[in-house]
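Per-entry structural report
These are the residues of each chain, in order.
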Amino acid sequence: MDRITASFEGGVLNGVVQVPGDKSISHRAVMLGAIAEGTTSISGFLAGEDCLSTIRIFSQLGVGIERNGTDVSVKSPGILKWKDPVNPLDAGNSGTTARLLLGILAGSPVTAQISGDRYLCKRPMRRVTTPLTEMGGSFSADNDSGTLPITVTGTTLKSMHYEMPIASAQVKSAVLFAGFSAQGTTVVTEKAVSRDHTERMLQQFGANLLGEGNSVSIEGGQTLKACAVKVPGDISSAAFFMCAAAMVSGSAITFKDVGLNPTRTGIIDVLKEMGAKVTVEQKVEGEGEPYGTLTVEAANLHAVEISGALIPRLIDELPVIALLATQAEGVTIIKDAEELRVKETDRIEAVCSELQKLGAIIEPTPDGMRITGPTKLTGATLNSHGDHRLGMMAAIASLVTEGSVQIEDASCINVSYPGFFDHLNSLTQIETLME
Ligand code: S3P
């Protein structure tokens, strides 16, 4: 399914949807299950391309992983008994897999080369190898571009206090994983708090962590206990249909069992601020991640400013928020989001150039975008740039365009949302054409 035509001539979106499991949490469940000795069982796992890359990699290290749909069992001899892999470890398109793995392998007994697809091999890795090298980590590469492929030789690490220059959960997690194997206490301090799934899950697996303000510390030399992990639905996937419900007049969509971790719910804050009706029912909070049921209803939307500490809480949602802003009254400003330039693609340039093809009034800025609305959009051919979130943004755009939207290179949507078009079809009760 590489070219898709999406069209929607009027009508509303209605229904209940259970989006696939959270990508960030699915990766970490396999990783921590692989570090712990024993059998970890995961339910609600995201069987998307990125998380399948993580499963393949840990299998190569000698961990027994079996998957039956969204149920995964991870049977591990423990990190100290992992084997050197025969072949390079291929993280595919997944930055989370590559960066967290660099932190995990740095203090493991393993030597391995980590590689990825042509997009991932262009993304910066120094943001993790720099602090990890300070901890004593050993990395080598054929060139000095600071990108994959990189060979890690596991060694004894020392602790550090790392003051993060950027808000990145991947960097924070890589340093915490290294700190888990290091001698002494490792502290990570963030300027703005990024998603805390690693911290929560380490605790769920029995590790001791101490959080204070924007800092978290972990003592090295602890052991993890295998356990059962429930992965809630991914709010970053739900965000596409949350925005669709908000902007297509008369629509209402309910999301069941969706993750409601406060470090991820910036999209709810923004939708409410823009005027959409968002109701959270049945929030479940216990061990592990909070989740619940959420309903979004359409309303007249107005522009907002999105900046500062809110950015890490909705970083992956910004492409679809930019689309939403084209339908809101006024000028929406997104700033402090320069991290978008080093995602699966440069999401500032790609979002602006694709939405401009539909007639949107949107301009890139060095650290974000400026969008003027409301604008009547017209169908056109858009390209995903090999980026799953751009592909889904294009499909959701078809709900507000006059005429259809063709999406080129749409198969990348499977990276995070297998079944996306089935959900789109059932919520709109219209068949999307796949060529
Ligand atoms: C992720 C962290 C974020 C996010 C990515 C997943 C994670 O990246 O954009 O999709 O699972 O830790 P950064 O850490 O680069 O901000």
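None of the values given here were measured: they were computed from a predicted structure. (Residues numbered from 1 in each chain as written. Predicted model: local features only at pLDDT ≥ 70, side-chain atom pairs only at ≥ 80, totals over all residues. Heavy atoms only, no water.)

1. As for the packing of aromatic side chains
Counted under the stated rule, the structure contains five aromatic pairs. Aromatic side chains Phe241 and Tyr417 sit 6.0 Å apart centroid to centroid with 85° between the ring planes, which places their arrangement in the edge-to-face category. Here Phe241 is found in helix α7 (residues 235-247), whereas its partner Tyr417 is found in the loop between β25 (405-408) and α12 (420-428), with 176 residues between them in sequence. We note that Phe241, like Tyr417, is buried. (Phe/Tyr/Trp six-rings, centres within 6.5 Å; stacked < 30°, edge-to-face > 60°. Helix = DSSP H or I, 4+ residues; strand = E, 2+ residues; numbered from the N terminus. Buried < 20%, exposed > 50% of the residue type's maximum accessible area, 1.4 Å probe, protein only.)

2. Examining the nonpolar core
By size, the foremost hydrophobic cluster in this structure holds 80 residues, and its most contacted members are Phe255, Ile396 and Phe420. Not counting residues within four places of it along the chain, the set of residues in contact with Phe255 comprises Val17, Val19, Ala238, Phe241, Met242, Gly292, Thr293, Leu294 and Val296. Of all hydrophobic cores here, the second largest spans 67 residues; its members include Ala34, Cys51, Val74 and Leu105. (Core = buried A, V, L, I, M, F, W, Y, C linked by side-chain atoms within 4.5 Å. Contact = heavy atoms within 4.5 Å.)

3. Notes on the packing of helix α9 (residues 318-325) against helix α10 (residues 347-357)
Where α9 contacts α10, the two axes come as close as 10 Å, and the packing angle between them is 35°. Crossing of α9 against α10: the hand is right-handed. Facing α9, whose interface residues are Pro319, Ala322 and Leu323, α10 presents Arg347, Val351 and Leu355. A breakdown of the residues in the contact of α9 with α10 according to their chemical character gives five nonpolar, no polar and one charged. (Axes fitted to C-alpha atoms, helices over the stretch in contact; angles between N-to-C directions. Left-handed = near helix turned anticlockwise from the far one by under 90°. Nonpolar A, V, L, I, M, F, W, Y, C, P; charged D, E, K, R; others polar.)

4. Here we look at the pairing of strand β11 (residues 185-189)
On a regular strand, each side chain points to the face opposite its neighbour's, so the side chains alternate between the two faces of the sheet. Across the five residues that make up β11, a large majority, four, are buried. Sheet topology note: the strand β10 (residues 161-163)/β11 ladder contains three bridges and is parallel. Residue pairing in the sheet places Glu163 in a bridge with Thr189 of β11. Each parallel crossover has a hand, and for β10 linked through helix α5 (residues 169-181) to β11 it is right-handed. (Pairing = 2+ DSSP bridges. Right-handed = clockwise from strand over helix to strand, strands pointing away.)

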